[in-house]
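Residues per chain are reported as follows:
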Amino acid sequence: MKKCEYCAKEISYHQMYCCDDCQSSANDFYDMRDRITKIMSIINGVCVMSIGIGIFVFSFYREIGAYMVSIPLVILGILYIFFPIPADVMIQKNKILKAVKTTRIIGIILLVLGIISTTVAIFTI
Ligand SMILES: [Zn+2]
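Please read these numbers as outputs of a predicted model, since none were measured by experiment. Every chain begins its residue count from 1, and numbering advances along the sequence as written. Totals for whole chains, interfaces and linings use every residue, but because this is a predicted model, local features are given only for residues with pLDDT of at least 70 and side-chain atom pairs only at 80 or more, for both listing and counting. To obtain the side-chain values, all non-hydrogen atoms of the structure were included, while hydrogens and water were left out.

We count a stretch as a helix when DSSP gives it H or I for four or more residues in a row; a strand needs E for two or more, and each element gets its number in order from the N terminus. Note on placement: Thr37 falls in helix 1 (residues 20–58). Summary of the burial criterion: residues with accessible area below 20% of their type's maximum are buried, those above 50% are exposed, and those between are partly exposed, where the area comes from a 1.4 Å probe applied to protein chains only. For Thr37, a relative accessible area of 40% translates into the label partly exposed. Separated by 67 residues in sequence, Thr37 and Arg104 place their C-alpha atoms 16 Å apart.

What follows is the structure, encoded as structure tokens:
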């Protein structure tokens with residue numbers, strides 16, 4: 001059964017979206033994605049690199065290492081919540097609406113982890 005590309009409701013074979021609202025929401029999503037995809041991937045790369053290096057640095061310089069991990073987690077969390085751009089495989093599998101929601105939930109988890117680890121770093125190191 002074919003599903004609406006936005007909300008994943010079941011639709012007939014000649015349709016792509018179940019309604020005009022879904023079509024315009026999907027267009028808005030793709031516009032937003034086209035605009036910010038480049039800057040997002042740069043910030044993403046920097047944050048992931050910082051976390052990777054931070055874990056290594058942590059064994060020598062605990063304070064610097066802790067912040068190199070915890071601050072990028074906060075940044076990534078905020079980005080995923082406000083600019084959720086799911087991976088293409090997620091969109092293909094779950095359609096846009098659910099994929100965006102899942103990305104936001106990941107963002108909230110990252111933000112919470114980031115806030116907890118920043119707080120721990122401030123008070124214990
Ligand atoms: Zn729909």
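By definition of the ideal shapes, four donors in a tetrahedron about a metal sit 109.5 degrees apart, and six donors in an octahedron sit 90 or 180 degrees apart. Only nitrogen, oxygen and sulfur atoms count as donors, using a 2.8 Å cut-off from the metal that widens to 3.2 Å for Na, K and Ca. Water is left out, so coordination shells may look unfilled. Protein coordination at the zinc ion comes from Cys4 (SG), Cys7 (SG), Cys18 (SG) and Cys22 (SG), with a distance range of 2.3 Å. In this structure, the zinc ion is surrounded by 4 donor atoms whose angles at the metal cover 105 to 117°, and the resulting shape is tetrahedral. Coordination of the zinc ion draws on donor residues from a single chain, spaced C-x2-C-x10-C-x3-C in sequence. Site shape is set this way: if four donors have all angles between 85 and 135 degrees, tetrahedral; if opposite donors are over 155 degrees apart and all others between 65 and 115, square planar for four donors and octahedral for six; otherwise irregular.

In this structure, Cys4, Tyr6, Tyr17, Phe29, Leu76, Tyr80 and Ile96 are the most contacted members of the largest nonpolar core, which totals 22 residues. When contributions to this core are tallied by element, the ones reaching two or more residues are helix 1, helix 2 (62–82) and helix 3 (88–124). Considering each element in turn, this core owes the most residues, 8 residues, to helix 1. Among buried residues, the Ala, Val, Leu, Ile, Met, Phe, Trp, Tyr and Cys ones that are joined through side-chain atoms within 4.5 Å form a nonpolar core.

Let us now look at the side chain of Thr103. The residue Thr103 is located in helix 3 in this model. The residues contacting Thr103, other than those within four sequence positions of it, are Tyr80, Pro84, Ile85, Pro86 and Met90. It only takes one pair of heavy atoms within 4.5 Å for two residues to be counted as in contact.

This part is about the packing of helix 1 against helix 3. Where helix 1 contacts helix 3, the axes come no closer than 11 Å and their chain directions differ by 115°. For helix 1 against helix 3, the interelement crossing comes out right-handed. Every residue of helix 3 that contacts helix 1 at Ala26, Phe29, Tyr30 and Arg33 is listed here: Asp88, Ile91, Ile96 and Val100. Note on residue classes: Ala, Val, Leu, Ile, Met, Phe, Trp, Tyr, Cys and Pro are nonpolar, Asp, Glu, Lys and Arg are charged, and everything else, Gly too, is polar. Looking at the contact of helix 1 with helix 3, its residues break down into 6 nonpolar, no polar and 2 charged. Lines fitted to C-alpha atoms define the axes here, with helix axes fitted over just the stretch in contact, and angles between the N-to-C directions of these axes take values from 0 to 180 degrees. By definition, turning the near helix anticlockwise from the far helix through less than a right angle yields a left-handed crossing, and turning it clockwise yields a right-handed one.

Remember that the coordinates give geometry; whether it matters functionally is a separate question.
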